[in-house]
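Coordinates in review
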Amino acid sequence: MEPRAGVSKQDIREQIWDYMESQNLADFPRPVHHRIPNFKGSYLACQNMKDLEVFARTQEVKVDPDKPLEGVQLLALQSKKTLLVPTPRLRTGLFNKITPPPGATKDILRKCATSQGVRNYSTPVGLDSRVLVDLVVVGSVAVSEKGWRIGKGEGYADLEYAMMVSMGAVSPATPVVTIVHDCQVVDIPETLLEDHDLTVDYILTPTRVITTGCERPKPAGIAWSKISSEMLGRMPVLRSLRCREEQAGKDVTLWDEHRTLLGAQAALSTGRSPRDPPPLESGSMKGEDVPSNTAYVGNLPRDARVSELKRALSALGVAPLRLTWQGPQHRAFLYYRDPAEARQAVSYLQGFHLGANTVRVALAGQQRASDLAGSHTGELHPDHPAAIADL
């Protein structure tokens, strides 16, 4: 199974999820959509870790808490290695160290290698702990033999790696492994990759051990310009790392701070308020004149409120920079940083319901020019930048 030409990351995700469900390759929990998919044969794929020399010589292993990786967590515990698991959604810290009770049976070790183990058999690892991770194991939705990786779209694995770099827990030589079904190994256009995307050195499937030989640099630390204030508020460990890097003299300007600064600079040069949207030409505008970073949302319910749409967009991870609300016309326009983000939002919102209505979604350039007239604009601060959400 190969992705069709001109696809986005989300297109590839949907293609993988649909295929695994339709071919009954998926395992609990199902459906696998919007997850790192568990698959039949995941435990067998995890056992291939024994064939990796890098696993044999490792002492501390960081493994993501994804269902198809539980076999690696168990293998690490059985091999007497230190197992580090990220805290859920990074809300209470970066790592938990799984510590089985003395004399733990295989059944107890199996429990330690699940989400229950994180709750019952773990202790938090602080930023001051001298952690040196020898091996990183991440989940993936799709991966290429060249080492390009696509996650489920929330960006946590990429952010966790960047945070480990910032705290000195990993180096460029630290190997990264992912475990997937054979159908998840596909061609991924390199044009979809960004600097914050984590690549992998080894791919384990039920039938193969792939050494990617990937030479693309891994993230060199936290890209603060892609972190929002809202994210910072949710993750105390991220705030602590930011304080450290700020004291070290690094640029820790956040994504929305950059946006405010750019808006203020534009206001000085144009005389507009920083919160005012760029003026739109109306009347004779043709479809191709509409900004290509704009998405159109139509067929909104008659009684819909702008706050409802904002909440829904944030929950879906496609919150725009700005939103133009045209309630009486049952439509809205979403403004993103670039055309790629607008296309991704359109892809995410296909089949989206607001109230009882299935909304119509398209790039705004495909709508009539008159749709852009007679509107008022409101700012929308996203849960996190679309660059992070796309990971």
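Small disclaimer: the values here were computed from a predicted structure and weren't measured. (Residues numbered from 1 in each chain as written. Predicted model: local features only at pLDDT ≥ 70, side-chain atom pairs only at ≥ 80, totals over all residues. Heavy atoms only, no water.)

Next up on the list: the overall build of the protein chain. Along the protein chain, the regular secondary structure elements total 13 helices and 17 strands. Evaluated residue by residue, the protein chain yields a buried proportion of 53% over its 391 residues. Taking the contacts inside the protein chain whose residues are at least 6 apart along the sequence as the reference set, 69% of them involve residues at least 24 apart. Counting every atom, the protein chain has about 18,000 Å² of accessible surface; 50% of that belongs to carbon and sulfur. (Helix = DSSP H or I, 4+ residues; strand = E, 2+ residues; numbered from the N terminus. Buried < 20%, exposed > 50% of the residue type's maximum accessible area, 1.4 Å probe, protein only. Contact = heavy atoms within 4.5 Å. Areas by Shrake-Rupley, 256 points an atom, 1.4 Å probe, with all protein chains shown as cover.)

Time to look at the pairing of strand E3 (residues 95-98). The pairing of strand E2 (residues 82-86) with E3 spans four bridges and is antiparallel. Paired with Val-85 across the bridge in E3 is Asn-96. The pairing of E3 with strand E4 (residues 122-125) spans four bridges and is antiparallel. The residue of E4 that forms the bridge with Ile-98 is Ser-122. (Pairing = 2+ DSSP bridges.)

Met-49, Val-137 and Ile-179 are the most contacted members of the largest nonpolar core, which has 47 residues in total. By residue number, the principal contributor to this core is helix H4 (residues 70-78), which donates five residues. When neighbours within four sequence positions are excluded, Met-49 is seen to be in contact with Phe-55, Val-72, Leu-75, Leu-135, Val-137, Val-177, Ile-179 and Leu-204. Tyr-161, Ile-203, Ile-227 and Leu-238 belong to the second largest nonpolar core, which has 39 residues in total. (Core = buried A, V, L, I, M, F, W, Y, C linked by side-chain atoms within 4.5 Å.)

Below, the discussion takes up the sheet that holds strand E10 (residues 209-211). As summarised here, the arrangement of the eight strands in space is E4-E3-E2-E1-E5-E8-E9-E10, forming an open sheet in which the pairing is mixed. Edge positions in the sheet fall to E4 and E10, since each has one partner strand and no second. Adjacent strand axes in the sheet meet at a mean angle of 25°, parallel and antiparallel pairs treated alike. (Axes fitted to C-alpha atoms, helices over the stretch in contact; angles between N-to-C directions.)

Turning next to the packing of aromatic side chains. According to the stated counting rule, one finds one aromatic pair in the structure shown. One cation-aromatic arrangement involves Lys-81 over Phe-55; the distance from NZ or CZ to the ring centre is 4.8 Å. (Phe/Tyr/Trp six-rings, centres within 6.5 Å; stacked < 30°, edge-to-face > 60°. Lys NZ or Arg CZ within 6 Å of the ring centre and 35° of its normal.)

A word on the pattern of salt bridges. For the coordinates displayed, the defined rule picks out 12 salt bridges. A salt bridge links Lys-67 to Glu-70, with the nearest nitrogen and oxygen atoms 3.4 Å apart. Between Asp-158 and Arg-149 there is a salt bridge, with its nearest N and O atoms 3.6 Å apart. On the basis of relative accessible area, Asp-158 is assigned to the buried category, the value being 5%. Within the structure, one salt-bridge network assembled from shared partners comprises Lys-62, Asp-64 and Glu-160. (Salt bridge = Lys/Arg side-chain N within 4 Å of Asp/Glu carboxyl O.)

The next point concerns the packing of helix H7 (residues 156-166) against helix H9 (residues 236-247). It is the contact of H7 with H9, at a shortest axis distance of 11 Å, that shows an interaxial angle of 40°. It follows that H7 is oblique to H9 by the angle criterion. You can see that H7 and H9 cross each other, and the crossing is left-handed. Along the contact surface, H7 presents Leu-159, Met-163 and Ser-166, while H9 presents Val-237, Leu-238, Leu-241 and Glu-245. Split by residue class, the contact of H7 with H9 holds five nonpolar, one polar and one charged. (Parallel < 35°, antiparallel > 145°, perpendicular 65-115°, else oblique. Left-handed = near helix turned anticlockwise from the far one by under 90°. Nonpolar A, V, L, I, M, F, W, Y, C, P; charged D, E, K, R; others polar.)

Let's shift gears to H9. Every α-helix carries 3.6 residues per turn, so stepping three or four residues along brings you back to the same face. Look at H9: 17 Å from first C-alpha to last across 12 residues, which is about the 16 Å you get at 1.5 Å a residue. Every buried residue belonging to H9 is among Val-237, Leu-238, Leu-241, Arg-242 and Glu-245, and all of these are buried. Projection of H9 onto a plane perpendicular to its axis shows the buried side chains occupying an angular sector of 140°, all on one side. (Expected span 1.5 Å × (residues − 1). Arc of directions from axis to C-beta.)

We now examine the confidence of the model for the protein chain. Summary statistics for the protein chain give a mean pLDDT of 81 and a share of 82% for residues scoring 70 or more. Counting contacts from residues 368-391, a segment whose pLDDT is below 50, to residues more than four positions away or on other chains yields 93 contacts. (pLDDT = per-residue confidence, 0-100.)

Burial along strand E8 (residues 176-179) is two-sided: the face carrying Val-176 and Thr-178 and the face carrying Val-177 and Ile-179 are both buried. Direction of pairing for E8 relative to strand E9 (residues 202-204): parallel, over a ladder of three bridges. Counted as the bridge partner of Val-177 is Tyr-202 from E9.

Among the secondary structure elements, Arg-337 is positioned in the loop between strand E13 (331-335) and helix H12 (339-348). Arg-337 sits 44 residues away from Asn-293 along the chain, and the two C-alpha atoms are 6.4 Å apart. Looking at Arg-337, its side chain comes within polar contact range of the side chain of Glu-341, at 3.0 Å. (Polar contact = N/O pair within 3.5 Å; in protein donor to acceptor, adjacent residues only side chain to side chain.)

Our next topic: the environment of Asn-38. Checked against the element boundaries, Asn-38 lands in the loop between helix H1 (9-22) and helix H2 (42-47). On the basis of relative accessibility, which here comes to 6%, the residue Asn-38 falls in the buried class. In contact with Asn-38, not counting residues within four places along its chain, are Met-20, Leu-25, Ala-26, Asp-27, Phe-28, Pro-29, Val-32, Lys-67 and Pro-68. Among the polar contacts listed, one links the side chain of Asn-38 to the backbone oxygen of Phe-28, at a separation of 2.6 Å.

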